[in-house]
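Given next are the chains, with one letter for each unit.
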Amino acid sequence: MNAPTAASTPAIELVGIDKRFGPVHANKNINLSVAKGSIHGIIGENGAGKSTLMSILYGFYHADSGQILVDGKEIRITDSQTAIQAGIGMVHQHFMLVENFSVLENVMLGVEGGPLLKRGVAAVRAELGRIEREYGLEVDPDALIEDLPVGKQQRVEILKALYRGAEVLILDEPTGVLTPAEADHLFRMLAQLKAQGKTVILITHKLREIMAITDTVSVMRRGEMVATRKTSETTMAELAELMVGRRVLLRVEKDEAKPGPVILSVENLTVKDARGVTMVDNVSFQVRAGEIVGIAGVAGNGQSELLEAIAGIRKPASGRILLNGEPVERLDPAKLRKKGLAHVPEDRHHMGLVLAFEEYENAILGYQDDPKYLKGPFLDIDAIRKDAVARIEDYDIRPADPRLKTANFSGGNQQKIVLAREIERDPACLLVGQPTRGVDIGAIEFIHKRLVALRDQGKAILLVSVELDEIRSLSDRILVMFAGTIVGEPAPHAGEQEIGLMMAGIGREAAE
Ligand SMILES: Nc1ncnc2c1ncn2[C@@H]1O[C@H](COP(=O)(O)OP(=O)(O)O)[C@@H](O)[C@H]1O
Ligand SMILES: [Mg+2]
């Protein structure tokens, strides 16, 4: 065992870290102490400053002031090489792997001194094998990166860091891209790393993950470190409140759905992408008035194309789409809107908004010929702005300025601009893709409440989200998509694991 003094020296200490990007004060006098051999979570809403802080620790950014201590010794981390030498490894939100290289090649790539010169490939391979076995990484060293699923690519990133001798491993939002099963595997690996005495810093905005795996959790809000707690001594509710700065409802409160007549009916729909690859394969389902049907699935399994086809953005190769019994598969988005189909696209930058327009212009985009915005043949700018201001208030869109260029709003606020526009149009059917991607907890609560309220008014809602939690808490019925087909309709209260297996293309039978 370590001597008591050594055991109490933190693996990492940040003292008074301060960082500005022009007018943005991203890190305000941050202090953080990470115990050796622990899993330390850092949570905070989007833009709280988590990635900035970790990028400073990893040498991507330089702090304006403050100190970094590793094992009790102050070091100057000037670039990621110094960080690596100090035993700090980072797994990025977006992987930095060479796609057409093998796992082994990626691991060796950029290792200082050139491993090929010092020791042979065989030695690297042997070492890699040892690390893999020790931590249960399960990746084939000769596989090409491009052939590996995302979860395994992430393991290669971890392997790379460990191979470089990382004692402290930083993971920035590692589960965003993973299926629940892959996330479980990752967590088992992290537990293994901890058991071997490594220190893990886990950045996430998912409270569930924090509770499941961390020993200690620090909360950031608007550039400040607002609290640090022992995970066993806190609750999701307390952490959410610390993150947002007020009490938040974590559960979506809703009554049983009272489904009415079928509003949207999709029949044997097949959709191909630009290369002619079938993305949606003979899919059929219905959405009734007063219900939320959620499509669960790992990103890239056809749910985006399905949504786009129904919204009239993508022409189906075959099949039918009926809105209130009327075939609409040949209509364009403008005609569909007139028939009561609203759409909150997944990719709001490219489809939902014109970023160069002012906020109020986007607030009516697609609805500009609504009589209430017209004065004779002209647009009634006063009426439009007044309407925009009302939405801004209702949805707490910040800054509250309808004349601001849309590009200058944060992602979460841009999302609210689109949602407000589509929801408040009183549609019969709402298609909504990734409604809360990049949105803060406080805003998520609001958006979820609005969707449920819309359902309760008798609207038919089709929800596509890669956040399984979101699907499970909002949907009255869940359909799981895998490889372009609907592989199952789990019971409304099915467990995460059962749905997760379906999302991975493994049948329900296997789950039982
Ligand atoms: N390179 C940069 N240039 C300018 N502003 C930045 C840069 N990186 C981050 N920011 C800003 O700093 C703040 C904190 O961002 P970030 O650390 O990425 O937050 P988090 O990871 O908690 O979501 C945000 O307002 C963000 O827009
Ligand atoms: Mg971040």
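All of these numbers come straight from a predicted model, not from anything done at the bench.

(A) Spatial organisation of the sheet that holds strand 13 (residues 291–296). Pairing is mixed in the open sheet, where six strands are placed in the order 16-19-20-13-21-22. The sheet terminates laterally at strand 16 (341–344) and strand 22 (485–488), the two strands that pair on one side only. Pairs of neighbouring strands in the sheet enclose a mean axial angle of 25 degrees, with direction left out of account. Two strands pair when backbone bridges link them, and strand 19 (residues 429–433) and strand 20 (residues 460–464) are joined in this way by five bridges, in the parallel orientation. Pairing of G433 across the sheet is with V464, part of strand 20. Across the sheet, helix 16 (residues 411–423) is in contact with strand 16 and strand 19; its angle to strand 16 comes to roughly 175 degrees.

(B) Fine view of the packing of aromatic side chains. Counted according to the given criterion, the structure contains three aromatic pairs. Geometrically, the ring pair formed by Y58 and F60 is tilted, given 5.9 Å between the ring centres and 55 degrees between the ring planes. F60 gets classed as partly exposed once you look at its relative accessible area, which sits at 43%. Sitting above the plane of the Y360 ring, R385 keeps its charged end 4.5 Å from the centroid. The ring centre of Y367 lies 4.6 Å from the NZ or CZ of R425, which sits over that ring.

(C) Representation of the site of ligand 1. What surrounds ligand 1 is the set F21, V24, A26, E45, N46, G47, A48, G49, K50, S51, T52 and Y61. Take A48: an N or O atom from its main chain is 3.2 Å from an oxygen atom of ligand 1. Between ligand 1 and the protein, one listed contact pairs an oxygen atom with a backbone N or O atom of S51 at 2.9 Å. Burial of ligand 1 by the protein chains amounts to 63% of its free accessible area of 550 Å². Of all the secondary structure elements, the ones that give two or more residues to the shell around ligand 1 are strand 2 (24–34) and helix 2 (50–57). Counted by class, the shell around ligand 1 contains five nonpolar, five polar and two charged residues.

(D) Looking closely at the environment of V24. Tracing the backbone through its elements, the reader meets V24 in strand 2. Judged by its relative accessible area of 49%, V24 is partly exposed. In the structure, V24 is positioned 199 residues away from G223 in sequence and 9.1 Å away in space, judged by C-alpha atoms.

The rules behind these values
Residues numbered from 1 in each chain as written. Chains lettered and ligands numbered in written order. Predicted model: local features only at pLDDT ≥ 70, side-chain atom pairs only at ≥ 80, totals over all residues. Heavy atoms only, no water. Pairing = 2+ DSSP bridges. Helix = DSSP H or I, 4+ residues; strand = E, 2+ residues; numbered from the N terminus. Axes fitted to C-alpha atoms, helices over the stretch in contact; angles between N-to-C directions. Contact = heavy atoms within 4.5 Å. Phe/Tyr/Trp six-rings, centres within 6.5 Å; stacked < 30°, edge-to-face > 60°. Buried < 20%, exposed > 50% of the residue type's maximum accessible area, 1.4 Å probe, protein only. Lys NZ or Arg CZ within 6 Å of the ring centre and 35° of its normal. Near = heavy atom within 4 Å. Polar contact = N/O pair within 3.5 Å; in protein donor to acceptor, adjacent residues only side chain to side chain. Areas by Shrake-Rupley, 256 points an atom, 1.4 Å probe, with all protein chains shown as cover. Nonpolar A, V, L, I, M, F, W, Y, C, P; charged D, E, K, R; others polar.

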